[in-house]
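Now for the letters of each chain:
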Amino acid sequence: MRPAAGPDASGAGSARLLLGLAAVAVAFAAADTYVVVLALPDMMTSTGVPIDQLQRAAPIISGFLLGYVAMLPLIGRMADLRGRVPVLVFSLVLFALGSLVTALAYDMPSMVAGRFLQGVGGGGLVPATLALVADLYPPHRRGVPLGVVSAVQEIGSVIGPLFGAVVLAFTDWRAIFLINLAVGLVLAAAIRRVAPAPHEARRRVDVVGLGLLALTLVAGSLVFLRPPPLLRDLTWGQAFIPFAGDGRWLTPVGVVAMAAAVAFLAWCTFARAPLFDVRRWVGALREADLTGALLLAVALAGVILAFATADPKVQVFSDQGLWFLLGSAVAAVLFVVHLRRSAAPLVPRGALRRTPAWGALLVSFFIGAALIAALIDIPLFARTTVYPDSQLLAALVLVRFLVALPVGAVVGGYLIRSLSPGVVTAAGMLLAAVGFVLMTRWDLTSLSEWTANIALVVCGFGFGLALAPVNAALLAFTDDDVHGVASAFVVVARMVGMLVGISALTVIGLRRYYAEQADVPPVREVCDGSSRCDEFTRLLKLAGIAQEHAVFWGAAGCAVVAGVMALVLFAGARTDQVSARDALSAH
């Protein structure tokens, strides 16, 4: 299935273009993870949630994370069975559909549904793209493209808030998701254009399918939008009057939308050459082990909900976290039992049996735990010290970190041509730890000085060095027909590491903050009877700095653990010499 020697000269240009389009899609989807940071208050207001009840908006974020992480292994396995390009196109279309639903959302359930679809589509891009690299390049040439893909994924998580800020400066939050819709469809069309499937190149246009789809989208959009001019019209307004109750979907226009959707699905199921072949994709789901994927999704969802819904000021995971984790454990046990009994499991037997393969998952977990501290707490430190009134300027401090990260990714890709992935990963994590230790020496004015750039650049460069070797080790020590699902698991490991890491490190930091704050004298004592003064504000800021220092120390510890694990678990692994088949015979 994968060319043994990578792309030939005639196909190198199209291969690079295809990989470039896929990388752009990965970056854009990753940005959408955090794009709601600034838009969240307006999104809450639009769905009728009061601004002072922020906890009710948690599903907007956790819904995306659930879709992004929980369905990754299933989509990765489908990419192994049905091909990378079809899954890339399908994921982009699903991402675009989720963006449309989110942009038109009128209540919390519709908004969460849209964000979930965005997460599923956006998450599906990552394993398909990483597996595409393995298809296009032999082991000794994968380093740089893997580094590029990994780098843009992490950069996207910070571009998200900046992108949201720019859009919100000119228009409202819905424009963010309409832009996502347009970009997703354009990228899907471009990828199909660059790499069309042979059996689809000569297909006729499905006019009936297009018509039913258009009717579904138009009628469904009217249900969501309920345009005031139509509502006020004596004739057209009757189409929005419910047959019973007050539900939007029980109106004539709602019934038309649902009927058109059912007719579209029926046509795509039974037509000879439909716009979307439902039978083929349902067959792919069964072949990919849908039952196993659902059990794993429940297990991952329990972990995500336990940590993502917690209040980090007082707890590592939420009040219901123990129940979520218990449900996750039960689902995980059932998943393992299912894998042992299934004739065609989601994770083929022995897929991750080699030490560098399963070791990549552990290393990725701790890299994620350390990386999230940089992405979240460096801007927080900037807000605490030099930019208390500007979230945008505080976020821009991270640009110095991000400039170094892709450079490190490219260098790391080149280094694994001659060095072990374990050595390169350990060196990168050591640099990241050094960067975090330097950050623990920052004070109130450090970010105003050029010396702060040293810590940011060293840390970013270190993370960049580690990204490509981990993915390269995984791909080199797994078989070609499981690259998609294996890549999905390494991404899941990093995302779970981020969730657990930010919760644990934030709790550690806040405990340090409360301890420091307890030592601050009463405000009237510091301010000579006044209720506020500069000296008291300075003392509170110092307590906040102590909090961030504790987080940076914890992140440095996670980075060291990742580096040591890489040295041990990747020992003897050389992606420039060992292919998956060679590794099989060696073990």
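Residues numbered from 1 in each chain as written. Predicted model: local features only at pLDDT ≥ 70, side-chain atom pairs only at ≥ 80, totals over all residues. Heavy atoms only, no water.

Engineer: Describe the overall build of the chain, naming the residues involved and giving the relevant values.
Structural biologist: Secondary structure assignment for the chain yields 23 helices and 0 strands. Per-residue burial over the chain gives 54% buried out of 587 residues. Taking the intrachain contacts of the chain between residues at least 6 apart in sequence as the baseline, contacts between residues at least 24 apart amount to 79%. Carbon and sulfur atoms provide 67% of the accessible area of the chain, an area that totals close to 25300 Å². (Helix = DSSP H or I, 4+ residues; strand = E, 2+ residues; numbered from the N terminus. Buried < 20%, exposed > 50% of the residue type's maximum accessible area, 1.4 Å probe, protein only. Contact = heavy atoms within 4.5 Å. Areas by Shrake-Rupley, 256 points an atom, 1.4 Å probe, with all protein chains shown as cover.)

Engineer: Help me get a handle on helix 18 (residues 421–439), residues and values and all.
Structural biologist: The end-to-end C-alpha distance of helix 18 is 27 Å, a good match for the 27 Å that 19 residues give at a rise of 1.5 Å each. For helix 18, the full list of buried residues reads P421, G422, V424, T425, A426, G428, M429, A432, A433, G435, F436 and M439. Regarding helix 18, its N-cap is S420, as a side-chain oxygen of that residue lies 3.1 Å from the backbone nitrogen of G422 further along. (Expected span 1.5 Å × (residues − 1). Polar contact = N/O pair within 3.5 Å; in protein donor to acceptor, adjacent residues only side chain to side chain.)

Engineer: Any chance you could break down the environment of S503 for me, citing the residues and the numbers?
Structural biologist: Relative to the helices and strands, S503 resides in helix 20 (residues 483–518). Spatially, the C-alpha atoms of S503 and A369 are 9.4 Å apart, while their sequence positions differ by 134 residues. Here the side chain of S503 touches L499 through a polar contact of 3.1 Å, landing on its backbone oxygen.

Engineer: An account of the pattern of salt bridges is requested, with residue identities and associated values reported.
Structural biologist: According to the stated counting rule, one finds 6 salt bridges in the structure shown. Taking the shortest distance from any N to any O, the salt bridge between E287 and R82 comes out at 3.3 Å. Taken together, the residues span a long stretch of sequence, with E287 in helix 12 (residues 278–287) and R82 in helix 4 (residues 72–82) at a distance of 205 residues. The salt bridge partner of R354 is D479, with a shortest N-O separation of 3.1 Å. With R354 in the loop between helix 14 (321–341) and helix 15 (355–384) and D479 in the loop between helix 19 (452–476) and helix 20, the pair connects residues that are 125 residues apart, well separated along the chain. Judged by relative accessible area, which is 2%, R354 ranks as buried. In this structure, a network of salt bridges that share partners links the residues R77, D80, R84 and D135. (Salt bridge = Lys/Arg side-chain N within 4 Å of Asp/Glu carboxyl O.)

Engineer: Help me get a handle on the nonpolar core, residues and values and all.
Structural biologist: Core analysis: the largest hydrophobic core is formed by 132 residues, its most contacted members being I378, F401, F436, M439, W442 and F463. For this core, the leading source of residues is helix 15, giving 15 residues. Filtering out sequence-adjacent residues up to four positions away, F463 remains in contact with I367, A370, L371, F401, L405, G428, M429, A432 and F436. With 19 residues, the next largest nonpolar core counts A39, A105, M108 and W173 among its residues. (Core = buried A, V, L, I, M, F, W, Y, C linked by side-chain atoms within 4.5 Å.)

Engineer: Give me the side chain of T478: which residues, what numbers.
Structural biologist: One can find T478 in the loop between helix 19 and helix 20. Its relative accessible area of 0% is what places T478 among the buried residues. Of the polar contacts made by the side chain of T478, one reaches the backbone oxygen of L474; its length is 2.8 Å.

Engineer: Report on the packing of aromatic side chains, specifying residues and quantitative values.
Structural biologist: Scanning all chains against the criterion turns up 15 aromatic pairs. An angle of 85° between the planes, with centres 5.8 Å apart, marks the rings of F224 and W249 as edge-to-face. Taken together, the positions of F224 in helix 9 (residues 207–225) and W249 in the loop between helix 10 (228–232) and helix 11 (252–270) put the pair 25 residues apart, joining distant regions of the chain. Exposure remark for F224: the relative accessible area of 15% places this residue in the buried category. Ring plane angle 80° and centroid distance 6.0 Å describe the contact between F436 and F463, whose orientation is recorded as edge-to-face. One end of the pair, F436, is in helix 18; the other, F463, is in helix 19, with 27 residues separating them in the sequence. (Phe/Tyr/Trp six-rings, centres within 6.5 Å; stacked < 30°, edge-to-face > 60°.)

Engineer: Please provide a residue-by-residue account of the packing of helix 17 (residues 398–415) against helix 19, values included.
Structural biologist: The interhelical angle for the contact between helix 17 and helix 19, taken along N-to-C directions, is 35°, at an axis separation of 6 Å. Between helix 17 and helix 19 lies a crossing of right-handed hand. Residues R400, F401, A404, L405, V407, G408, A409, V411, G412, G413 and L415 of helix 17 form the contact with helix 19, whose own contacting residues are N453, L456, V457, C459, G460, F461, F463, G464, L465, L467 and A468. (Axes fitted to C-alpha atoms, helices over the stretch in contact; angles between N-to-C directions. Left-handed = near helix turned anticlockwise from the far one by under 90°.)

Engineer: How would you explain a nonpolar patch on the surface if you had to name every residue and give the values?
Structural biologist: A contiguous nonpolar patch, built from V407, V411, L415, L419, V423, V560, V564, L567 and V568 and spanning about 690 Å² of accessible area, is present on the exposed surface. Of all the secondary-structure elements, those providing two or more residues to the nonpolar patch are helix 17 and helix 22 (534–569). Inspection of the secondary structure puts L567 in helix 22. (Patch = residues over 30% accessible without salt bridge, like charges linked within 9 Å, V, L, I, M, F, W, Y side chains within 5 Å.)

Engineer: Kindly report on helix 12, identifying the contributing residues and their values.
Structural biologist: For helix 12, the full list of buried residues reads V278, W281 and A284. Looking straight down helix 12, one finds its buried side chains confined to an arc of 125°; they lie on one side. N-cap assignment for helix 12: the residue whose side-chain oxygen lies 3.3 Å from the backbone N of R279 is D277. One or two positions beyond helix 12, positive phi appears at D289, with a value near 75°. (Arc of directions from axis to C-beta.)

Engineer: Before we move on, could you go through unusual backbone geometry and cite the residues and values that matter?
Structural biologist: Despite not being glycine, R226 shows a phi value in the positive range, around 45°. Summarising the element assignment, R226 is placed in the loop between helix 9 and helix 10.

Engineer: Kindly report on the environment of F224, identifying the contributing residues and their values.
Structural biologist: Separated by 120 residues in the primary sequence, F224 and L104 have C-alpha atoms spaced 5.7 Å apart. With residues up to four places along the chain from it excluded, the contact list for F224 reads V101, L104, A105, Y106, S110, R248 and W249.

Engineer: Requested: an account of the environment of Q547, with residues and values cited.
Structural biologist: Structurally, Q547 can be placed in helix 22. By relative accessible area, which is 14% here, Q547 ends up buried. Separated by 37 residues in the primary sequence, Q547 and L510 have C-alpha atoms spaced 5.8 Å apart.

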